[in-house]
Amino acid sequence: MAKSFFPRIGKIQFEGPQSKNPLAFKHYNATELVEGKSMQEHMRFAVVYWHTMRGNGGDMFGWGTADRPWQTGEGTVKDAIKRAQAMFEFTSKIGAPFYCWHDRDVAPHGKSLAESNKNFDAVATELKKLQKDTGIKLLWGTAQNFVHPRYMHGAATSCNADVFCYAAAQVKRAMEWTKELDGAGYVFWGGREGYSTLLNTDMKREMDHLGRFMHMAVDYKKKIGMKGPFFIEPKPKEPTKHQYDSDAAACLNFLREYGLLEHFQLNLEVNHAWLAGKSMEHEMEVAGAAGALGSIDANMGDYFLGWDTDQFPTDLYLTTQTMLRVLKYGGFTAGGVNFDAKVRRESFELDDLFLAHIAGMDAFARGLKAAAAIRKDGRIAEFVKNRYATWDSGIGAKIEAGKASFADCEKHALKIGEVSGLQSGRQELLESIINEFI
Ligand code: XUL
Ligand code: CO
């Protein structure tokens, strides 16, 4: 039996809304049915390796603060295996069915690609065993193509072709392990795919390279018979001044331009949407309309700061709006709700990792219940439907069916003389209806 990293904490239980036990769920009840499906299946929660296991609370002004007993070693493969055990103990105790990794979160960088591969293979072999022992599954894997100095100018969009090859080799191995570990999907977040200044950048050439890179990934996926979808994760800036995958619309445009749309969905992250000046529900509608709503990185920013604070999502309006879209677009298939979130530097104790995940999972459970109740109530959906009633018959229906020309529109406008019967948008009423359910 491996050493326990959280000996004082058992499996977190659902105790119901009356409970005052900080280490219990008040709303997330994994087996409770909502719209005929269990909460666990609706949300498909995942714990992330990078923040939860690797984060130490350090920021650019100060050292790490966090008590992380698995972070004591020299960064060897042996340490990484211990860390993997801590990861699975945490994920089992919090009761999340999935986890996610970057290749280099899992295992240390080597001095060469061959050595890095060897390290990764050794730890991923342990992950396979831990998955089998615990029943925890991989939601998605990804390659960390942004930490190492070789990626300073980008990975797939680097000005240097050797770097492109290195990045491709890293993605190839990460895909192989994602397949081997039965990952439900695979993510591309272009950490340094962007620019700091256009003075040194051939943007068209870099975008073409990114298109080639993704086609190579699609070809390799077919070759190895990898099943789940590819996800692209938009983010507008940070670390670069402009990231090419800046928001959902930009990603969809890229995918269409390079003939890749059928192979990709989007992994949308709340804080990234906010950095793009968009709401999460906006990004979800853009992706959903294109049939590309794949998965979610659940977190939130600070309302007054302009950077990626990756806070745990505790805002009930946010989780309600998010779950409304998840339900509207038919629920997750391969994707899920992945806590790409970190505890604050001041929340340095081990317990805080549990408290933060409980806060996020409970907020999502409440969001799910509120969203289901809003749908059952039906007033908002009815209002939206009626708002478009003039499109259901007459000239509106003819336009929608592609059977009307500008001349037909002109004839119609001349006939009515002026528009009458416009109705109020009722934003305030609709907002107060949402409040009834929060
Ligand atoms: C960075 C970010 C990443 C991706 C995976 O802002 O969100 O952690 O989710 O590479
Ligand atoms: Co993310």
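Just so you know, these numbers come straight off a predicted model, no measurement behind them.

**Q** What is the right way to look at the coordination of the cobalt ion (ligand 2) in this model?
**A** Angles at a metal have ideal values that depend on geometry: 109.5 degrees with four tetrahedral donors, 90 or 180 degrees with six octahedral donors. Within the first shell, the cobalt ion (ligand 2) binds the protein through Glu233 (OE), Glu269 (OE), Asp297 (OD) and Asp340 (OD), at distances of 1.9 to 2.2 Å. Of note, the donors binding the cobalt ion (ligand 2) are all from one chain and are spaced E-x35-E-x27-D-x42-D. Of this pair, Glu233 sits in the loop between strand E10 (230-232) and strand E11 (242-243) while Asp297 sits in strand E13 (residues 293-297), and the two are 64 residues apart along the sequence. The class for Glu233 is buried, based on a relative accessible area of 4%.

**Q** Where do I start with empty space enclosed by the protein in this structure?
**A** Where empty space is left in the structure can be found by rolling a water-sized probe over the atoms. Per the counting criterion, the structure on display carries 2 cavities of 30 Å³ or more. Roughly 160 Å³ of volume is contained in the largest cavity. Considering the residues around the largest cavity, the lining is formed by 17 residues, among which Asn145, Phe188, Trp189, Gly190 and Glu193 are closest to the centre. Elements supplying a minimum of two residues to the lining of the largest cavity: strand E8 (185-188) and helix H7 (203-224). For the lining of the largest cavity, a count of residues per class yields 11 nonpolar, 4 polar and 2 charged. One number sums up the size of the second largest cavity: a volume of about 30 Å³. Contributing to the lining of the second largest cavity are Pro234, Leu268, Glu269, His272, Ala273 and Glu283. When residues of the lining of the second largest cavity are traced back to their parent elements, those giving at least two are strand E12 (264-269) and helix H9 (270-275). Considering only residue class, the lining of the second largest cavity consists of 3 nonpolar, 1 polar and 2 charged.

**Q** Can you help me understand the sheet that holds strand E6 (residues 98-102) in this one?
**A** Two strands in a sheet stick together by hydrogen bonds in their backbones, pointing the same way (parallel) or opposite ways (antiparallel). The parallel closed barrel is built from 8 strands, whose spatial order is E5-E6-E7-E8-E10-E12-E13-E14. Between one strand and the next, the sheet's axes are offset by a mean angle of 30 degrees, whatever the strand orientation. Examined bridge by bridge, E12 and E13 share 4 bridges and lie parallel to one another. Counterpart to Glu269 in the pairing with E13 is Asp297. Here helix H8 (residues 248-257) sits on the sheet in contact with E10 and E12, set at roughly 165 degrees to E12. Packing against the sheet, helix H12 (residues 350-377) makes contact with strand E5 (45-48) and strand E14 (337-339), and its axis sits at approximately 155 degrees to E14.

**Q** How should I be thinking about the pairing of E6 in this particular structure?
**A** Where a strand is regular, its side chains alternate between the two sheet faces. In terms of burial, E6 is a largely internal element, 5 of the 5 residues being buried. Along E6, one buried face is formed by Phe98, Cys100 and His102 and the opposite face, lined by Tyr99 and Trp101, is buried too. Strand direction decides the pairing type here: E6 and strand E7 (residues 137-142), joined by 5 bridges, are parallel. Pairing of Trp101 across the sheet is with Gly141, part of E7.

**Q** I tried to follow the site of ligand 1 on my own but got confused; where do I start?
**A** Taken together, Trp50, His102, Trp189, Glu233, Lys235, Glu269, His272, Asp297, Asp308 and Asp340 form the complete shell of residues around ligand 1. Within the side chain of Glu233, an N or O atom sits 2.7 Å from an oxygen atom of ligand 1. Separating an oxygen atom of ligand 1 from a side-chain N or O atom of Asp308 is a distance of 3.2 Å. Grouping the constituent residues of the shell around ligand 1 by class yields 2 nonpolar, 2 polar and 6 charged.

So, how was this worked out
Residues numbered from 1 in each chain as written. Chains lettered and ligands numbered in written order. Predicted model: local features only at pLDDT ≥ 70, side-chain atom pairs only at ≥ 80, totals over all residues. Heavy atoms only, no water. Donors = N, O, S within 2.8 Å, 3.2 Å for Na, K, Ca; no water. Helix = DSSP H or I, 4+ residues; strand = E, 2+ residues; numbered from the N terminus. Buried < 20%, exposed > 50% of the residue type's maximum accessible area, 1.4 Å probe, protein only. 1 Å grid on protein atoms, 1.4 Å probe; cavity = no way out; pocket = protein on both sides within 12 Å on 5 of 7 lines; lining within 4 Å. Points joined across faces, edges and corners; volume = space filled by probe spheres on them. Nonpolar A, V, L, I, M, F, W, Y, C, P; charged D, E, K, R; others polar. Pairing = 2+ DSSP bridges. Axes fitted to C-alpha atoms, helices over the stretch in contact; angles between N-to-C directions. Contact = heavy atoms within 4.5 Å. Near = heavy atom within 4 Å. Polar contact = N/O pair within 3.5 Å; in protein donor to acceptor, adjacent residues only side chain to side chain.

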